[in-house]
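Chain and residue survey
So the chains spell out like this:
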Amino acid sequence: MERRSFLKASAVAALVSVTAVAGQAQAQDKKFTIALIPGLTTDAFYITMRKGAEAAAAAVGAQLVFQGAPDFNPVTQVPVLDAIIAKKPDAILIAPTDKDQLIQPLKKASDAGIPVITVDTFIGDGVYQTGKGDAEFPLAYVASDNVLGGAIAARALAKAVGEKGKVYVSNVKPGISTTDQREEGFKEEMKKFPNIQVLETQFNDDDANKAASQLQAVFARNSDLDGVFGANLFSALGAANGVQQAGQTGKIKVVAFDAPTSIVDNINSGLVDLAIAQHPAEIGYFGVMAAYAHLTGNSIPTAIGTGFTVIDKSNVADENVAKFIYSN
Ligand code: T6T
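Everything quoted here is computed from the prediction, not taken from an experiment.

A look at helix α3 (residues 74–86)
Between its first and last C-alpha atoms α3 spans 18 Å; for 13 residues at 1.5 Å apiece the expected length is 18 Å, and the two agree. Restricting attention to buried positions, one finds in α3 the residues P74, Q77, V78, V80, L81, I84 and I85. Seen along its axis, α3 keeps its buried residues to an arc of 165°; they face one direction. Away from the buried face of α3 by more than 90 degrees, exposed residues V75 and A86 are located. The inward-facing, buried residues of α3 abut β1 (33–37), β2 (63–66), β3 (91–94) and α4 (103–111). In this structure N73 caps α3, since a side-chain oxygen of it lies 3.0 Å from the backbone nitrogen of V75.

Quick word on the site of the ligand
Every one of the 13 residues lining the ligand counts as a neighbour, but D43, D120, T178, R182 and D258 are closest to it. Between T178 and the ligand, the recorded distance is 2.7 Å, taken from a side-chain N or O atom to an oxygen atom. Side-chain polar atom of N232 to an oxygen atom of the ligand: 3.0 Å apart, as the coordinates give it. Placement of the ligand is best described as lying within the largest cavity. Every element with two or more residues in the shell around the ligand is listed here: α2 (44–60), α6 (177–190) and α8 (233–245). Among the residues making up the shell around the ligand, the classes are represented as five nonpolar, four polar and four charged. A domain-level breakdown of the shell around the ligand finds at least three residues from each of domain 1 (2–144 + 278–306) and domain 2 (146–277).

Regarding unusual backbone geometry
The backbone of D120 shows a phi angle near 70°, a positive value even though the residue is not glycine. Residue placement: D120 occurs in the loop between β4 (116–119) and β5 (140–144).

Brief notes about the domain arrangement of the chain
Accessible area lost on assembly of the parts is the figure often given for the size of an interface. The domain architecture assigned to the chain consists of domain 1 (2–144 + 278–306) and domain 2 (146–277). Domain 1 and domain 2 are separated by 29 Å when their C-alpha centres are compared. Tallying the contact residues gives 17 residues for domain 1 and 19 residues for domain 2. Summing the contributions of domain 1 and of domain 2, the shared interface buries around 1,400 Å²; its carbon and sulfur component is 54%. Scanning the region where domain 1 abuts domain 2 turns up one salt bridge. D180 is the partner of K99 in a salt bridge, and the nearest nitrogen-oxygen pair spans 2.7 Å.

Criteria and thresholds
- Residues numbered from 1 in each chain as written.
- Predicted model: local features only at pLDDT ≥ 70, side-chain atom pairs only at ≥ 80, totals over all residues.
- Heavy atoms only, no water.
- Helix = DSSP H or I, 4+ residues; strand = E, 2+ residues; numbered from the N terminus.
- Expected span 1.5 Å × (residues − 1).
- Buried < 20%, exposed > 50% of the residue type's maximum accessible area, 1.4 Å probe, protein only.
- Arc of directions from axis to C-beta.
- Contact = heavy atoms within 4.5 Å.
- Polar contact = N/O pair within 3.5 Å; in protein donor to acceptor, adjacent residues only side chain to side chain.
- Near = heavy atom within 4 Å.
- 1 Å grid on protein atoms, 1.4 Å probe; cavity = no way out; pocket = protein on both sides within 12 Å on 5 of 7 lines; lining within 4 Å.
- Sits in = over half its atoms within 2 Å of the grid points.
- Nonpolar A, V, L, I, M, F, W, Y, C, P; charged D, E, K, R; others polar.
- Domains from an automatic or database assignment.
- Buried area = accessible area lost by both parts, 1.4 Å probe.
- Salt bridge = Lys/Arg side-chain N within 4 Å of Asp/Glu carboxyl O.

Right, here's the structure in full:
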């Protein structure tokens with residue numbers, strides 16, 4: 001399959017305004033401190049996002065502070081956010097771990113005069129700066145189009161299973177904007193395939209071991225299981241491991257969201273049919289650039305969309321594709 005990139009018009013617009021802003025960088029004397037709070041620190045997706053953010057910070061002479069929790073959970077993320085607010089950075093970039101539970105904690109930052117930009121995930125409905133509702137205060141949302149990503153996954157899985165049979169979604173937990181939207185996009189697109197039955201979603205709490213056990217439990221109940229969509233890195237990794245442990249490699253098809261280094265072997269061995277790589281470095285880069293643009297008096301787009309690269313056996317060795325595999 002050819003490399004396919006999906007770039008929203010808003011990203012192009014952002015690129016133009018960021019280029020204009022970068023020209024002003026030398027004129028700035030103040031060294032801004034921009035905090036990046038990931039969903040969790042040990043996830044290759046956020047490690048790669050950090051690299052893009054560091055590159056942008058270096059380009060504009062800002063300091064990037066990367067601080068997060070060890071798991072994807074509002075209970076552990078909110079204290080990290082509170083500690084960052086206490087340090088009064090010039091801007092906060094954050095991947096909120098829950099659409100609702102991060103609204104009030106982030107409002108505290110905004111009320112303290114710290115601009116908030118959400119990266120990867122959003123709060124409320126993700127539509128910001130409308131003057132309506134309690135979650136519209138962030139300046140911008142920088143992310144993949146996750147509904148589209150789910151639809152791409154559905155089309156790929158439908159093709160892999162011959163447009164018939166039983167599949168399910170291995171997902172994290174309800175309330176996370178990204179993975180909710182992927183599931184929504186997947187199920188909507190699957191309506192176009194009436195001979196495919198989508199079984200009940202299995203929620204794994206971002207635990208790959210749980211996702212692997214769930215795969216085996218679903219297979220035990222449905223010996224005719226044909227495929228699974230892993231809606232994020234750990235869901236996909238775990239589902240693929242479950243398929244392997246059940247001795248079903250190549251028989252139960254796996255479509256993975258995200259692209260950790262292990263995806264290369266899993267695609268080459270036929271365990272995973274296709275992976276949808278996000279561009280987390282771009283998310284980090286444009287997040288910092290948007291914060292910098294705002295801090296230097298420029299208006300910024302409220303939504304900045306980044307692309308995907310679809311990886312399968314036919315292109316996994318291509319260096320223009322492999323460069324989108326996440327860092328460790
Ligand atoms: O899929 C990414 C991210 O987009 C999502 O919000 C949470 O899970 C990941 O970090 C992958 O583990």
